[in-house]
Structure formats: structure tokens, C-alpha cells
Amino acid sequence: MLRRRVERAIKEYDPTQPRVPAGQPEAGRWTTDWQGKMASFPITAGVQNAVDRMAAAGHKVYVVGGAVRDFLAGKTPHDIDLATDARPEQTKSVFAGKVKFDAGGEAHGMVRVASKGEILEITTLRHDVETDGKHAKVTFTTSIIDDLQRRDLTVNALAFDPTTGKLYGPGPNGDPTQALADLKHKIIRFVGDGAIRITEDLSRATRFVRFATKLHGTPDPASLRAVQQAIAKGQIPDRERLSNEQVRDDLLKTLAVPHGNLRLWKESGLLFAYIPELAPAEHQSQNRHHGDVKVLEHIFRATETVNLPEGDYPAFHDMAEHLDVSPRAAATAMLRLTMLLHDVAKPRTAAEKPDTPGEYSFIGHEHVGAGMAREIGQRLKLPARMVELIEASVDEHMAVPHPGTTDVTIRRWGRRVGERFKALREIGLDPVEWLLAVRQADWGSLGRVGHDEGAADIGADAIRSAMAATPITSKPPVDGGTVMRLTGMKPGPEIGKIVRGVGAFIDANPTATQADIEAEILRLHRG
């Protein structure tokens with residue numbers, strides 16, 4: 001299906017005939033007057049000051065990359081990256097006293113400067129001369145065309161000269177036509193030869209897929225083949241030349257957007273290259289609850305069903321800042337990653353039912369899968385608490401109470417998961433709501449017979465009602481110290497029995513007072 005969509009889009013694609021999509025707001029409408037549109041590019045005071053100072057010293061400055069791409073696509077640009085024909089030491093001389101130390105960036109030609117209250121990154125135009133797929137040996141150039149032709153994707157290889165108003169692209173003589181047409185039609189294409197671009201920098205393979213998702217675009221078939229061939233030739237994965245952190249970030253950024261396309265990760269070969277544990281799921285049959293939907297297809301549908309409500313999601317603030325997305329988007333990415341792994345162990349635990357050939361049971365897949373999810377999370381260099389979250393969520397995804405479960409059982413479950421997720425509750429995660437979201441994505445996905453997408457009745461209201469009577473607190477209502485103080489008992493296994501017994505009493509009697517609880521402790525002590 002994906003290949004047919006790609007081929008149809010390419011067949012209809014004519015880079016010389018930009019069109020205006022019907023019904024699109026005026027601010028985002030496409031036009032053939034690209035130069036005229038760029039005349040209204042929002043140059044900030046800091047950027048204008050930098051351009052003027054560099055021009056006074058005889059240097060050119062260009063606005064490059066994402067800011068140009070986003071503005072031409074009808075979006076408001078945020079971070080504005082600048083490129084210059086000046087060498088780093090010349091840029092530092094122009095901004096004497098305004099340079100912000102960044103040894104790592106300066107080694108690659110980037111100088112951070114203060115300009116009218118803004119911190120700007122000004123990078124010397126570069127041309128790759130040698131690369132090992134991770135570290136490029138570059139030489140500086142004064143040609144904006146050389147610089148654009150070394151970039152990854154055509155939609156990212158656009159530059160604007162704010163002094164002349166001219167727009168440049170990666171085509172011959174700086175022609176932007178191809179890049180502009182790709183941007184308009186949302187065609188994601190490597191600059192030049194995709195195989196060369198990937199060999200220069202292996203991270204471009206995952207960036208290619210991520211940008212196809214970010215821009216809701218169509219992958220150029222030749223570029224997609226370049227990724228597939230890099231995997232077939234063994235270039236990818238290469239963990240010595242491409243860090244797992246880079247792969248992790250591109251995967252999470254893919255999952256953070258509403259239309260995060262894991263199917264393209266699979267189509268490209270990248271999904272199995274970096275998470276090979278998922279490969280057996282592609283052909284693993286299930287049972288009557290899923291019809292003829294294989295495990296991997298169910299997994300994809302579960303990730304696509306995720307739809308978290310608006311909220312602050314404090315447990316994901318650090319990740320949101322790292323990925324440069326909202327906390328809700330970061331939470332969405334982690335929930336989708338959880339769903340990607342929730343059934344990862346089904347092939348390992350599959351047992352064909354002797355009385356119903358073709359149907360399988362997967363006893364204990366959640367527990368085996370929890371260990372696999374932990375290993376995958378650690379391999380992807382996820383933060384320790386996020387590894388803990390995914391591991392616990394996979395382990396618990398089958399234990400969420402079903403509709404019709406008694407309130408007592410629901411409260412007992414809530415108390416148990418509250419204790420298991422204690423460290424995560426301390427950073428603002430509600431384990432009950434999180435596991436309900438996991439269950440909703442699992443049951444609400446297409447591929448479970450009798451359920452429409454996102455509409456399965458998982459009994460959430462009953463669970464919330466039962467838990468409202470005894471909300472999860474930061475510590476249990478009764479501990480061993482309380483029991484010993486009231487009974488005079490010494491430490492030992494009997495203390496634990498009484499604590500558990502009191503917990504069951506509270507589950508059954510959510511309105512019990514402190515006096516009632518103490519009376520129950522004494523009753524259990526007397527036996």
C-alpha cells in the first residue's frame with residue numbers, strides 16, 4: 001500500500017507546476033512567487049544586526065535550513081540558523097566581546113554570538129572532503145552552493161540571502177526549483193545520490209524517515225531504496241559510527257507527532273535493523289480475538305490508536321525539552337514506544353492450541369516481554385526512569401482489571417501498581433491513568449475482533465470510580481511501624497501478614513476511619 005502511494009505521488013508530481021491546495025489558508029498558500037514570499041521573511045532584530053555587522057566587514061550571511069523550509073511551508077519559523085562565507089576567526093573578530101564559548105561547535109565552524117539580546121549560531125559554509133559515516137572532515141568554502149549540496153534532504157537545503165532577497169537551493173548554480181517543488185509536494189528526497197549522502201553520515205537514514213513523518217510527506221522511491229540498500233550492504237546498523245542516542249531521538253521524534261509512521265520505519269528496513277526482536281512478529285498468527293491480523297500489524301495499529309488527552313504531563317518534561325516537543329507529545333512518544341513493545345514476546349511464547357490449529361496462546365508473554373523491553377530500552381539509551389516505565393507497563397498490560405471486576409479487586413490492583421510505579425509517581429505519573437491508556441490502545445486498536453478503533457469499552461469509568469474512594473497516596477495507609485506500635489510485636493514475617501490483611505480490609509471498606517483501621521490491626525493480631 002505504501003509503495004503504491006509513493007508511486008502514485010511521484011507520477012502526479014511535476015516540479016515545474018506548483019499548485020495552490022484548495023481551501024488552504026492564505027498564509028500557507030503555495031505560490032510561484034518564491035522571491036516575493038521571502039521578502040516578508042520575519043528577520044529579527046538580532047539577525048538583522050548580525051547581517052549588517054558581517055556585511056560591513058565584507059562577509060555574506062544566509063538564513064539556512066529549517067527556518068526557510070518552515071516559512072515557505074506557511075509556518076512561523078522559530079530558531080533561525082545562519083551561515084556565512086567568513087571563517088570562524090573572522091566571525092569572532094566581527095563580534096568581539098559578544099562570542100559565547102562553545103568549543104564543540106567552533107570545531108565544526110560554528111560560532112555562538114550575542115546580538116540584540118538573542119543568541120545566534122553562525123556557521124561557516126562547509127564542504128565535506130572525507131567522512132567515516134559519523135565524523136566528517138570538512139573544509140571551509142565561500143560558496144553557498146557547495147554548502148547546500150552537502151546537506152541531507154532537498155527540503156532542508158534552502159538558503160535565503162536577506163541582503164539581496166535571493167533564494168538558493170542544491171540544484172545547478174544554486175537553483176532552488178527542485179527543493180521548492182519537493183517542499184510543496186512534501187516529497188522527501190536526498191540531495192543528489194542518496195547512497196553517497198548516507199555513506200557520508202549514517203544518521204541521515206533515520207533522519208530521512210523522521211522528516212517524512214514530520215512533514216507528513218511521501219518518500220522519494222530512489223531515496224527509500226538507498227536506505228534499504230545501506231541496510232542490505234551491512235552499513236546499517238553500525239553502532240561504532242552511529243550512536244544509539246541518535247537512533248533513539250529520531251524514533252521518539254517520529255512517535256511524538258500525531259501521524260508518526262512506524263510503517264515507514266519497517267518499509268525502509270530500519271525498524272528491524274535497530275529492534276530485530278520485532279522481526280518474528282511480522283508473520284506470527286494470533287487467535288480468534290484478532291482474526292487474521294498478525295502480531296506486528298496489531299502492534300502498529302495499537303501505536304496508531306494512541307490519543308492522549310490534553311494535559312501537562314510533568315513526568316515527561318525533561319524528555320520534552322530534550323526532543324524539543326510539548327510534554328504531551330513526549331508522553332505520546334513514550335506510550336507509542338510502549339505499544340510498539342507490548343507484544344514483542346508473543347513469538348517467543350507462542351504455543352499452537354492442539355484443539356484449534358492455527359490459533360496460538362501466548363502465556364506469560366507480558367513477563368517475558370518486560371525483560372525484552374528493558375533490554376531494548378537500555379540499548380536505545382533511554383533514561384533509566386523511562387526504561388522502568390516501559391518495562392513495568394509491558395509487564396502490567398495484561399493485568400488491568402477487565403469490565404465487571406469488583407471494586408475490591410480494582411482497589412487491590414491500584415494499590416499494587418501504585419507501589420510498583422512509586423518512583424514514577426514521584427515525578428508526576430498517574431499509574432492508573434497510564435495503564436488505562438495502554439489498555440485503551442491495546443483493545444481499541446483494529447485487529448481485535450468486535451472492537452472498533454479507539455472505541456473499545458475497557459471499563460475505565462468503573463476503575464476510576466473504584467479508585468476515587470481510595471486514591472493512591474505517596475505511602476501505604478499502614479506500615480510495619482504502625483503495627484508494632486499498636487501491638488507491641490517484634491519485627492518478623494507476622495508483621496507483613498497483618499499489613500497485607502489491613503490493606504485488604506481497606507480495599508473492602510474504603511470509608512474506614514483511622515479508628516476502624518487500628519481496630520482491624522488489633523483484631524488480626526489476636527487472630
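Residues numbered from 1 in each chain as written. Predicted model: local features only at pLDDT ≥ 70, side-chain atom pairs only at ≥ 80, totals over all residues. Heavy atoms only, no water.

Asks: Break down the sheet that holds strand β3 (residues 99-100) for me, citing the residues and quoting the values.
Replies: Read across the open sheet, the seven strands follow the order β3-β4-β5-β2-β1-β8-β9; overall the sheet is mixed. Each having just a single partner strand, β3 and β9 (167-168) make up the two edges of the open sheet. Relative to strand β5 (residues 118-124), strand β4 (residues 110-115) is paired through six bridges, and the arrangement is antiparallel. Directly across from R112, in β5, lies its bridge partner E121. Contacts from helix α3 (residues 45-56) reach β1 (61-64), β2 (81-84), β4 and β5, with the element oriented near 40 degrees to β5. (Pairing = 2+ DSSP bridges. Helix = DSSP H or I, 4+ residues; strand = E, 2+ residues; numbered from the N terminus. Contact = heavy atoms within 4.5 Å. Axes fitted to C-alpha atoms, helices over the stretch in contact; angles between N-to-C directions.)

Asks: Give me the lowdown on the pairing of β2, citing residues and values where you can.
Replies: Of the pairings in the sheet, the one linking β1 to β2 comprises four bridges and is antiparallel in character. Each residue of the ladder has a partner; that of Y62, found in β2, is A83. Pairing analysis gives three bridges linking β2 to β5, with the strands arranged parallel. Each residue of the ladder has a partner; that of A83, found in β5, is T123.

Asks: Describe in detail the confidence of the model for the chain, supporting the description with residues and values.
Replies: Here the chain averages 86 in pLDDT, while 87% of its residues score no lower than 70. Here residues 1-31 is modelled with pLDDT under 50, and outside its nearest four sequence neighbours on either side it reaches 42 contacts, counting other chains as well. (pLDDT = per-residue confidence, 0-100.)

Asks: Break down unusual backbone geometry for me, citing the residues and quoting the values.
Replies: P237 follows I236 through a cis peptide bond whose omega is 0 degrees. If you trace the backbone, P237 turns up in the loop between α11 (221-232) and α12 (244-256). A positive phi angle is found at H216, which is not glycine, with a value near 50 degrees. For H216, a relative accessible area of 52% translates into the label exposed. Even without a glycine there, the phi angle at K381 is positive, about 60 degrees. Following the sequence through the fold, K381 ends up in the loop between α19 (365-379) and α20 (384-396). (Buried < 20%, exposed > 50% of the residue type's maximum accessible area, 1.4 Å probe, protein only.)

Asks: Kindly report on the pairing of β4, identifying the contributing residues and their values.
Replies: If a strand is regular, its side chains alternate between the two faces of the sheet. Most of β4 sits out of view: five of its six residues are buried. Of the strand pairs in this sheet, β3 and β4 are connected by two bridges, and their pairing is antiparallel. Its bridge partner lying in β4, K100 is registered against R112. Taking the residues that link successive antiparallel strands as the turn, the β4-β5 hairpin has two residues, and the phi of K116 there is positive, at about 55 degrees.

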